[in-house]
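# Survey of secondary and tertiary structure
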Number of protein chains: 2
Amino acid sequence: MDLFLLKNKFLLRKDISFLNFGSFGACARPVFERYQQYQLEMEEEPLHFMMEKGLAYLKQAREALAKFINCHADDVVYVTNPSYGVNIIAKSFPLQPGDEVLTTNLEYGACDRAWKYYCKQKGATYKQCAIQLPLQSRQDFITQLSAGINNKTRLIFLSHITSATALKLPVEEICALARKKNIPVFIDGAHAPGHIQLDLAALGADIYTGACHKWMMTPKGSSFLYVCKELQNLMDPLLISWGYDAIAPSHSRFLDYHEMQGTRDFSAFLTIPDAIAFMQKYNWPEVSRQCRDLVKQNASRFCDLLHTKPLAPLTDEFIAQMFSVEIITENTLQLHDLFFKEYKIQVPIMQLGDKKFLRYSIQAFNCQHDLDRLYDAVKELISKNIVNIN
Amino acid sequence: MDLFLLKNKFLLRKDISFLNFGSFGACARPVFERYQQYQLEMEEEPLHFMMEKGLAYLKQAREALAKFINCHADDVVYVTNPSYGVNIIAKSFPLQPGDEVLTTNLEYGACDRAWKYYCKQKGATYKQCAIQLPLQSRQDFITQLSAGINNKTRLIFLSHITSATALKLPVEEICALARKKNIPVFIDGAHAPGHIQLDLAALGADIYTGACHKWMMTPKGSSFLYVCKELQNLMDPLLISWGYDAIAPSHSRFLDYHEMQGTRDFSAFLTIPDAIAFMQKYNWPEVSRQCRDLVKQNASRFCDLLHTKPLAPLTDEFIAQMFSVEIITENTLQLHDLFFKEYKIQVPIMQLGDKKFLRYSIQAFNCQHDLDRLYDAVKELISKNIVNIN
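Quick look at the structure, then. (Residues numbered from 1 in each chain as written. Chains lettered and ligands numbered in written order. Predicted model: local features only at pLDDT ≥ 70, side-chain atom pairs only at ≥ 80, totals over all residues. Heavy atoms only, no water.)

### As for the nonpolar core
Judged by nonpolar contacts, the single largest core of 298 residues is most densely connected at Phe339 of chain A together with Phe339 of chain B. Setting aside residues no more than four positions away along its own chain, Phe339 of chain A makes contact with Lys344, Ile345, Val347, Ile349, Leu358, Leu374, Ala377, Val378 and Leu381 of chain A. (Core = buried A, V, L, I, M, F, W, Y, C linked by side-chain atoms within 4.5 Å. Buried < 20%, exposed > 50% of the residue type's maximum accessible area, 1.4 Å probe, protein only. Contact = heavy atoms within 4.5 Å.)

Rendered as structure tokens:
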């Protein structure tokens, strides 16, 4: 597959080097078209759509998604975004005063906020294990995180691929290790589905949330939450509506609780089968491989330019279609705007603790030229002292 | 304005008599087109849209909405639907064990569920005052509800227009009465904006939630929550995200808390100015008046046919563009399907307690013919003993 041919399958502006697929994704054209067709179909008979036909589509889409991520269709519900999924769990997960939720200092800020809010409410601790970077190996991470486990640990919450640092974490090993200790694991897979191979059955996480609107290329606001059967009944809906104490309960309280969320446009969820078909049609494993190669081939170059080291070994173990490199600059917003307005590059500068990271994402529509433009821009900004080097 | 001319301004199927505008509304064509244009604009540069341009549109839309409902633009936030607004309040409104939230037995079931859930959690009581129907006068309702007020009443929660019974309640008088007793009032205006004149400053409710996707004809998932300045700081976000403990707080914590809800398609909110412009262009006060007249002219006919009495005097004081008449039938779902499939009529049968109501809504695209079809269908279903009469 020639990546260049895929450029026209997206609606993105042609004048911008779009290197921030990681934040909000970008909809594949046929998926977007199908999205708007569903919306039109809904408007033609809103009642029939919202109460019958649309619900049948919703079920089909859930089944297709479940197959794609390898779980039972009744164990996964749609949520607007992964933060929504985290909120459901953080609100309801039973925690007593003194209990701990173990996590890292690499997590997404919105999720940190949800956990801190609910842990505080329950007198529990959100324990953000400070992970020493760069990681030397998967075992290095496992050793660091597991040092935080103790007899108060009730849950481990961990990104599959981190946001600011773009690191694929060894979640498989953490799940196996936690299982032995009888500690449930909740994986935040905001960046995972469609980006890396995802097999929930093989992974064995007890809870998993993922975005479809990023690497699966569906419209914004389409994500999912998986909860293993054993824990489903613990989770109250975030929005208490008709599904709570339902008049005509379905076979699954889990679905009733979380799928019935009042009037909304749920068309984005319906496009999931189209997104999966799109990936199949264009041989996505191969597209992904080409993208990963591009990411890795350029990684050292950016590290050298910015006088820094990679945050982990430059292998498929840690790196997929995103790469973060530390960058030193006074004003993050100004730098982002400069990239966008002066250089026509859309690339994020991510803040994490007291550090900043330039994160590039590579998707089907990108090519070496985009990264060369970024490289030249950074070089020029270094010469202008807008980007500093150690 | 000839209502017939407005029929083409909607996307509804032409073969159906659509008499259920009340449930999910129906998008006006230019508003729907604008909706999809915003979505396309978002896809062309997702980052720029989600972080900058779209936020400016969002602010403009909020200002237009605030002007339309007469409140300060910083006192209103978007929510997906009124149930979402009710959930925000029910979760956060400070209630102690023994406190009471006073309401009626005419409220929307999803909202009842939210209040019951959170009242139970806090040891408070959700006190559903049983309103005796038919109402004789506005004073009749006021007398009945105020009998429920006591020194444990912390909040009055009330529909502006009820769902199953389609009654416009005397919320103005209730707000005035409650103010004297220093009890805040929360009005559920799911059916109000765009349906009846709405002036929040004149009304004086402390909290108000309304749907834009019903009578304002915007896309599904666009609603609002107004909270008076004095109470804003009590309300935590339903979804804890970046706006909670914000890195760069705006001038309003209320906006930060409730507007920053993670990645979603917020285009529906952006169409609000277009919806308002649409109503202005077609002289909506006059369209509404014609619709109300049609509702009232047919009301007695349906009461007579079904051997029942109106639930309130057939005046503008109680009736707007919806009318509910009690109907006796064994199987509500079957009856709905018969109307839809056999008679090509989309009309709901609403359940409330042990009673059922046939509720017709009249909007710009309806005409006498739609109600005649409904009348004939009901008559035939009576003759077939599918609808029973007392």
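That covers the picture; the talk isn't over yet.
### Describing the pattern of salt bridges
All names here are of chain A. Taken as a whole, this structure holds 44 salt bridges over all chains when the rule is applied. Measuring nitrogen to oxygen at the nearest pair gives 3.7 Å for the salt bridge that ties Glu380 to Lys384. Among the charged side chains, a network of salt bridges with common partners joins Arg13, Asp15 and Lys344. (Salt bridge = Lys/Arg side-chain N within 4 Å of Asp/Glu carboxyl O.)

### What about the sheet that holds strand S9 (residues 322-326) of chain A?
Residues and elements named next belong to chain A. The sheet built from three strands is open, its strands ordered S9-S13-S12 with antiparallel pairing. Of all the strands in the sheet, the pair left with one neighbour each is S9 and strand S12 (349-352). Across the sheet, the mean angle from the axis of one strand to that of its neighbour is 35°, orientation sign disregarded. Strand direction decides the pairing type here: S12 and strand S13 (residues 355-361), joined by four bridges, are antiparallel. Pairing of Gln351 across the sheet is with Lys356, part of S13. The strands touched by helix H14 (residues 284-305) are S9 and S13; relative to S9, the strand with the most contacts, the crossing angle is about 5°. (Pairing = 2+ DSSP bridges. Helix = DSSP H or I, 4+ residues; strand = E, 2+ residues; numbered from the N terminus. Axes fitted to C-alpha atoms, helices over the stretch in contact; angles between N-to-C directions.)

### So, helix H5 (residues 82-92) of chain A
The element H5 of chain A is extensively covered by neighbouring structure, given that eleven of its eleven residues are classed as buried. Inspection of H5 of chain A places Pro82, Ser83, Tyr84, Gly85, Val86, Asn87, Ile88, Ile89, Ala90, Lys91 and Ser92 of chain A among the buried residues, and these make up the whole buried set.

### Quick word on the pairing of S9 of chain A
All names here are of chain A. Taking burial as the measure, the five residues of S9 include four buried ones, the bulk of the element. Pairing of S9 with S13, which is carried by five bridges, proceeds in the antiparallel orientation. Within the sheet, the bridge partner assigned to Phe323 lies in S13 and is Tyr360.

### So, the interface of chain B and chain A
With 61 residues of chain B in contact, the opposing surface of chain A contributes 61 residues. Each partner contributes to the roughly 5200 Å² buried at the junction of chain B and chain A, and carbon and sulfur atoms together form 61% of this total. There are four salt bridges connecting chain B and chain A. Note that Lys220 of chain B and Glu43 of chain A form a salt bridge whose closest N and O atoms lie 3.0 Å from each other. Seen at the junction of chain B and chain A, the total is 33 residue pairs in polar contact (both at pLDDT 80 or more). Looking at the side of chain B that touches chain A, the elements with two or more residues in it are helix H2 (21-24), helix H3 (29-44), helix H4 (46-69), helix H5 (82-92), helix H6 (109-122) and helix H15 (332-342) of chain B. (Buried area = accessible area lost by both parts, 1.4 Å probe. Polar contact = N/O pair within 3.5 Å; in protein donor to acceptor, adjacent residues only side chain to side chain.)

### A short note on helix H13 (residues 272-281) of chain A
Residues and elements named next belong to chain A. Of the positions making up H13, those classed as buried are Ile272, Asp274, Ala275, Ile276, Phe278 and Met279. Next to the buried residues of H13 lie helix H3 (29-44), helix H4 (46-69), strand S2 (76-79), helix H12 (267-270) and H14. Asn283 sits one or two residues past H13 and shows a positive phi near 50°.

### Here's the deal with the environment of Tyr208 of chain A
Residue and element names in this part refer to chain A. Along the chain, Tyr208 turns up in strand S7 (residues 207-211). With relative accessibility at 0%, the residue Tyr208 sits in the buried group. When the C-alpha positions of Tyr208 and Phe340 are compared, they lie 34 Å apart, and in sequence the two are 132 residues distant. Not counting the four nearest positions on each side in its chain, Tyr208 is found in contact with His160, Phe186, Ile187, Gly189, Ala192, Leu198, Leu200, Leu203, Phe224, Leu225 and Tyr226. Side-chain polar atoms of Tyr208 contact the side chain of His160, separated by 2.7 Å.

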